[in-house]
Amino acid sequence: MVRVGINGYGTIGKRVADAILKQDDIELVGIVKTKPDYVALQAVKKGLKIYAPDADSAKAFASAGIPVSGTLQDLLGQVDVIVDATPGGVGAKYKPLYEEVGVKAIYQGGEKTHVAEVSFSSLCNYDEAVGRRSVRVVSCNTTGLLRLICTLHNAIGVKSVRATIVRRAADPKEIKRGPVNSINLDPVKLPSHHGEDVKTVLPWLDIITAAVVVPTTLMHVHLVNIKLSRQASIEEVLQALQSTRRIILVDTKRTGIKSTAEVIEAARDAGRPRSDVPELVVFKDSITVNGDEVILFQAVHQESIVVPENIDAIRAVMNIASREDSIRKTDETLGLGKPLW
Ligand code: NAD
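Residues numbered from 1 in each chain as written. Predicted model: local features only at pLDDT ≥ 70, side-chain atom pairs only at ≥ 80, totals over all residues. Heavy atoms only, no water.

S.K.: I'm lost on the packing of aromatic side chains in this one. Help?
M.R.: Given two aromatic rings, their pairing is described by the distance between the two centres and the angle made by the two planes. On inspection of all chains with the given rule, the structure shows three aromatic pairs. Measuring from ring centre to ring centre gives 5.9 Å for Tyr94 and Tyr98, while their planes differ by 15 degrees; the resulting arrangement is stacked. Note that Tyr94 and Tyr98 are positioned in helix H5 (residues 90-101) at a spacing of four residues, about one turn of the helix. You can call Tyr98 buried: its relative accessible area is 1%. (Phe/Tyr/Trp six-rings, centres within 6.5 Å; stacked < 30°, edge-to-face > 60°. Helix = DSSP H or I, 4+ residues; strand = E, 2+ residues; numbered from the N terminus. Buried < 20%, exposed > 50% of the residue type's maximum accessible area, 1.4 Å probe, protein only.)

So this is what it looks like as C-alpha cells:
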C-alpha cells in the first residue's frame, strides 16, 4: 500500500481523498485542513484523520472541539506521497518542506510549471512521471484539451490545435468571484496561457488558445479546431474518442442535451457522487470532420476532471503500475464511462 497525505482539503483535495478511499493499493493517511469548519466536521464524520498546517491552527481545532492527529510535519513523517491541493502558488511555498522530509509530491495546475519535475496528463505522458520525485497535474482546461488531443494523436496523429475556451467564473461554493453580468476577455492579448500549458506536456505541438470568462459555475466549454496529420473520416474520429472511458460522447439527437446545465443535471439524476463528471464531455453532434480538420465542442467539469489524473500520478511516481493498468484501475474504481442515461 502506498501511503498518501493530502495538503489542502478544498474542491480538488476532498475529491482526491474520496477517490483514494476507493483504491486498494493506495491508503489515505490523513488530510491537512486550515480551519475547523463544516468541511472539517464532515471529514471527521467520514473517519478521516485531520492534521493542521501548524501548531497555532491545531489550537484553533482544539478550541472548536475537533480532534486533530497532529500537524502537517507529523503527517509528512508517515507518508510516501503528498498530494498538494492548496490554492495556486501555495504549493511552491511548501515545496522545500516536502523535499527536506523526502516525500514525493503531486502538485496541481495552479502552480507554475517549474514547481515539479514533470507536468502530467495520464493519456499523454504517464511514463515520463514514473519514479519522479514531483509531478504537476495540469489544470482542468489543460487536462480537457490534452485528453482530446492525445486520444486523437495516438489514433490518427495531430499537427496543430486552435481552441477557444469559455471559462466558468467560479466554482459553485465560491461566494466572492465573478463576473456576475459580463463576458470578460481573459486575457485580451492573445494567446491565452492554456496553449503554453498544453505544451508543458506536448512541447512539439503547434497550439494557440483564447479564453473568455462567463457568469456560470458548472463547467467550462471549449470550441476546438484540430489539424490532423492526415485526412480522416468521422468514423475514425468517433472510434478514437470511444476508445477511452475518460471521454463521454453526448448524443444530442438521442438525449436532447445541448448545454452544461443538462450535463450536470444528468449526472445528478444518475446519482453520480457530488454530481461530478470527471470524463471529458464531447458533444457528438458537433463533431465536424473536413479532410484533415476536426472541429467540435467539448465541456470540462472543472471540479472533478483532474481527479483520475491525480490517482494515476500517485501510481506513476511510486512506480506501482503500468500506464494501462493504472488507467484501467482508476477508471473502474471511479466508475468512469458509466452511462449517464
Ligand atoms: P480550494 O480553495 O477549493 O481549496 C484549497 C484548500 O487549501 C482550501 O481548503 C484552503 O483552506 C486550503 N489552504 C489554503 N492555504 C493553505 C495552506 N497554507 N496550507 C494548507 N491548506 C491550505 O482550491 P481548489 O479549487 O481545490 O484548487 C487547488 C489547486 O487545484 C489549485 O492549484 C488550482 O489551480 C487547482 N485546480 C483547481 C480546479 C478547480 O476548478 N477548482 C481545477 C483543476 C485544478
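Right, picking up where we left off after that structure.
S.K.: Explain helix H9 (residues 234-242) to me, please; I cannot follow it from the model alone.
M.R.: Helical geometry: 3.6 residues make up each α-helical turn, so side chains three or four residues apart lie on a common side. Buried residues of H9: Val237, Leu238, Ala240 and Leu241, and no others. Angular distribution of buried residues about the axis of H9 spans 160 degrees; they occupy a single face of the element. Of the exposed residues in H9, the ones pointing more than 90 degrees away from its buried face are Glu235, Gln239 and Gln242. Where H9 is buried, its residues touch helix H7 (140-155), strand S12 (247-250), strand S13 (280-283), strand S14 (288-290) and strand S15 (293-300). (Arc of directions from axis to C-beta. Contact = heavy atoms within 4.5 Å.)

S.K.: Hey, could you run me through the domain arrangement of the protein chain in this one?
M.R.: For the protein chain, the domain assignment lists domain 1 (2-138 + 306-334) and domain 2 (140-300). On a C-alpha basis, the centroid separation for the pair domain 1 and domain 2 is 26 Å. Across the contact, 26 residues belong to domain 1 and 21 residues belong to domain 2. Here domain 1 and domain 2 share an interface that buries about 1,900 Å² over both sides, 49% of which is from carbon and sulfur atoms. Where domain 1 meets domain 2, there are seven salt bridges. Ionic pairing is found between Asp276 and Arg15, a salt bridge with its closest N-O pair at 2.8 Å. Where domain 1 packs against domain 2, one counts ten residue pairs in polar contact (both at pLDDT 80 or more). With five residues, helix H13 (residues 323-334) is the largest single contributor of residues to the side of domain 1 that touches domain 2. (Domains from an automatic or database assignment. Buried area = accessible area lost by both parts, 1.4 Å probe. Salt bridge = Lys/Arg side-chain N within 4 Å of Asp/Glu carboxyl O. Polar contact = N/O pair within 3.5 Å; in protein donor to acceptor, adjacent residues only side chain to side chain.)

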